[in-house]
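Each chain is listed here by its residues.
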Amino acid sequence: MSDIEQLKAELLGAIGEAADLAGVEAIRVSALGKQGSVSGLLKTLGKMSPEERQVEGPKIHALREAVTAALGARKDALESAALDARLASETIDLSLPAPEMPKGSVHPVSQVMDELAEIFADMGFAVATGPEIEDDWHNFTALNMPETHPARAMHDTFYFPDRDAQDREMVLRTHTSPVQIRTMLSEGAPLRIIAPGRVYRSDSDATHTPMFHQVEALVIDKDIHLGHLKWTLETFLKAFFERDDIVLRLRPSYFPFTEPSVEVDVGYANEGGRRVVGGSGDEPGHAWMEVLGSGMVNRHVIKAGGLDPDEWQGFAFGVGVDRLAMLKYGMDDLRAFFDGDVRWLSHYGFSALDVPTLSGGVGTPA
Ligand code: PHE
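All figures in this text were calculated on a predicted structure; none of them were measured in a lab.

Rules and cut-offs
- Residues numbered from 1 in each chain as written.
- Predicted model: local features only at pLDDT ≥ 70, side-chain atom pairs only at ≥ 80, totals over all residues.
- Heavy atoms only, no water.
- Helix = DSSP H or I, 4+ residues; strand = E, 2+ residues; numbered from the N terminus.
- Rg over C-alpha atoms; globule rule 2.2 N^0.38 Å.
- Buried < 20%, exposed > 50% of the residue type's maximum accessible area, 1.4 Å probe, protein only.
- Contact = heavy atoms within 4.5 Å.
- Areas by Shrake-Rupley, 256 points an atom, 1.4 Å probe, with all protein chains shown as cover.
- Lys, Arg positive; Asp, Glu negative; His and termini not counted.
- Charge placed at Lys NZ, Arg CZ, Asp CG, Glu CD.
- 1 Å grid on protein atoms, 1.4 Å probe; cavity = no way out; pocket = protein on both sides within 12 Å on 5 of 7 lines; lining within 4 Å.
- Points joined across faces, edges and corners; volume = space filled by probe spheres on them.
- Nonpolar A, V, L, I, M, F, W, Y, C, P; charged D, E, K, R; others polar.
- Near = heavy atom within 4 Å.
- Polar contact = N/O pair within 3.5 Å; in protein donor to acceptor, adjacent residues only side chain to side chain.
- Sits in = over half its atoms within 2 Å of the grid points.
- Axes fitted to C-alpha atoms, helices over the stretch in contact; angles between N-to-C directions.
- Parallel < 35°, antiparallel > 145°, perpendicular 65-115°, else oblique.
- Left-handed = near helix turned anticlockwise from the far one by under 90°.
- Phe/Tyr/Trp six-rings, centres within 6.5 Å; stacked < 30°, edge-to-face > 60°.
- Lys NZ or Arg CZ within 6 Å of the ring centre and 35° of its normal.
- Core = buried A, V, L, I, M, F, W, Y, C linked by side-chain atoms within 4.5 Å.
- Expected span 1.5 Å × (residues − 1).
- Salt bridge = Lys/Arg side-chain N within 4 Å of Asp/Glu carboxyl O.

(A) A look at the overall build of the chain. Across its full length, the chain holds twelve helices and ten strands. Over its C-alpha atoms the chain spans a radius of gyration of 39 Å, topping by over 25% the 21 Å that the globule rule assigns to 366 residues. Overall size of the chain, expressed as C-alpha extent along the three principal axes, is 115 × 55 × 45 Å. For the chain, the residues scored as buried account for 42% of the 366 residues in total. When contacts within the chain are restricted to residue pairs at least 6 apart in sequence, those whose partners lie at least 24 apart make up 67%. Within the structure as shown, the chain displays about 19,700 Å² of accessible surface, and the carbon and sulfur contribution to it stands at 55%. When the 34 positive and 56 negative side-chain charges of the chain are each reduced to one mean point, those points stand 5 Å apart.

So, in C-alpha cells, the structure goes:
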C-alpha cells in the first residue's frame, strides 16, 4: 500500500469510529487543518517535478476529497442520531388538561367607542383628545358660555375647590366639546375629527350617571351646511346599528356653541322588554331615544378656536356613547355599566379578539 492509501485507510477508519461531533472536528483538524497530514501532502506538490506532480497530484486531491466527504457524512449521521435520541426522549402528553382560557371581556362602552372610531375613520375623521380636568375657559367661555350664561347651570358641573397655577377655575369637563376648541387652536382648518372620552355631571338615575362617555365630532371646512350634518348623522347611525330602517327625528334645540342646533332621537320598539332600534318612534309600541346634540358651529366658537368665521364654517355633534350601547345591545339600566359586576360583564362583554371592522361587522356580542 502506498503512503497515500495507507493514510486514507487510517483517516476513513478513524472518521467511521468518531463517537461525537467533537471527535469528527478533531480528525478534521488533524487532516485538513494548517498542520494536518493531508495539508502536509498538498504542500509537497510544490517541490515536485512536473512529471511527478502529474502522477501524485490527482491522488493527493482525491485523498482530500474522500476525507472531506467522509467527515461530512459522519457529521450528518451523528446529528441525525442526536435528533432521533431527542425525539425519543422528549414527549408531549396531549391528555393533560388545556390551560384555562383567559377570562375577562371588553366592556360594551369600549366596544362602542371602537365601533365609532372605525365608522368615522372610514369617513375620513381623525381621533383627537383633551384633558378630563379642564379649565373653565375651554369647557364654557370659549364655547360661547360666558360666566353669567344660564346654560352653565344646566351642566351640573363638578368644580374643583382650588384654582390652578394660572389662577383658572378648574372643572371636570361636562362634555367633550372643549376638544373642539383645543383642536382648532392646535390644528387650524380644515378639520375632521372625533373626540371620544369621559365626561362628568352631578346627576344619577337609570339613564344618568355622574361619569359617562361622549364622542364629539367636529368638521370645519368651507361652505359646510346643515345637509352635510344630516347626511353624516344618517350614514353613521345606519352603519352603527347595521340596519337601513333607522328613523331619525331631528328637533330644533338650543346649544350656546351651535346655531342652529338640532337634537337627534332614534326610533325604537319595545319588544319583550328589549329595545330594538328601527321605525318611527311615533308608531304604536315605539318610542324615541335622544342620542345626540348637534348643530352648525357658532361663529363665536370658530373665533375662539382662532379661525375666521367668514372663511370657515362647520358642524359639530356630541353623542352619548353609553346611550348608544344601551340601544344597540339592549341594556336598560345605565348604572350597571359602572358597577364592575363580573356577571354583568360576562353577559354583555365582548371577546377581546372581536375587533370591530366595517367589513367584518362593527359589533356582534361575544
Ligand atoms: N356638548 C353637548 C352636550 O354635552 C352636545 C353637543 C355637542 C351639542 C356638539 C352640539 C354640538 O350636551
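There is more to say after this.
(B) Focus on the layout of surface pockets. Of the voids in this model, the largest pocket is the one considered here, and its volume is about 790 Å³. Together, 35 residues line the largest pocket, and R201, F212, Q214, F255 and E290 are the ones closest to its centre. Of all the secondary-structure elements, those providing two or more residues to the lining of the largest pocket are α7 (151–154), β5 (211–221), β6 (248–255), β7 (258–271), β9 (286–297), β10 (313–320) and α11 (321–329). Considering only residue class, the lining of the largest pocket consists of 14 nonpolar, 13 polar and eight charged.

(C) Main features of the site of the ligand. What surrounds the ligand is a group of 14 residues, the closest being H175, S177, R201, Q214 and G318. Residue H175 places a side-chain N or O atom 2.9 Å away from a nitrogen atom belonging to the ligand. Contacts to the ligand include S177, whose side-chain N or O atom sits 2.9 Å from a nitrogen atom. With the chains in place, 92% of the 330 Å² that the ligand exposes on its own is no longer accessible. Assessed atom by atom at 2 Å from the grid points, the ligand resides in the largest pocket. Among the elements that make up the shell around the ligand, the one with the highest residue count is β10 (three residues).

(D) Just the packing of helix α3 (residues 37–44) against helix α4 (residues 50–89), in detail. Here α3 crosses α4 at 160°, and the two axes come no closer than 10 Å. Between α3 and α4, the angle falls in the class roughly antiparallel. In this structure, α3 meets α4 at a crossing whose hand is left-handed. Two secondary-structure elements touch here, α3 through V38, L41, L42 and T44 and α4 through I60, H61, L63 and R64. A class-by-class count of the residues in the contact of α3 with α4 yields five nonpolar, two polar and one charged.

(E) How the structure looks around the packing of aromatic side chains. Here the structure, examined in full by the defined rule, presents eleven aromatic pairs. Note on F255 and F257: the rings are 5.7 Å apart at their centroids and 25° apart in plane angle, and the pair reads as stacked. As far as burial versus exposure is concerned, F255 and F257 are alike and both buried. Three or more aromatic residues joined by ring pairs form one cluster here, namely F120, F125, F236, F315 and F317. A cation over an aromatic ring shows up here: K222 above the ring of W312, its NZ or CZ 4.8 Å from the ring centre.

(F) View of the nonpolar core. Grouped together as the largest cluster of nonpolar side chains are 47 residues, with contacts concentrated most on L116, F236, F241, V266, F317 and L324. Elements represented by at least two residues in this core include exactly α5 (108–122), β5, α9 (226–241), β7, β9, β10 and α11. Among residues more than four places away in sequence, those in contact with F236 are L116, I119, F120, M123, L292, F317, V319 and L324. Core analysis: the second largest hydrophobic core is formed by 23 residues, F140, L143, I193 and A195 among them.

(G) Examining helix α1 (residues 3–17) more closely. Here α1 contains 15 residues, and its C-alpha end-to-end distance of 21 Å stays within 8% of the 21 Å for a straight helix at 1.5 Å per residue. Contacts from the buried residues of α1 go to α2 (21–32), α3 and α4.

(H) Broad picture of the pattern of salt bridges. Evaluation of the coordinates by the stated rule reveals 22 salt bridges. Residue R343 pairs with D341 through a salt bridge whose shortest N-O separation is 2.7 Å. Look at the salt bridges and you will find they share partners, linking E134, D135, D164, R168 and R182 into a network.

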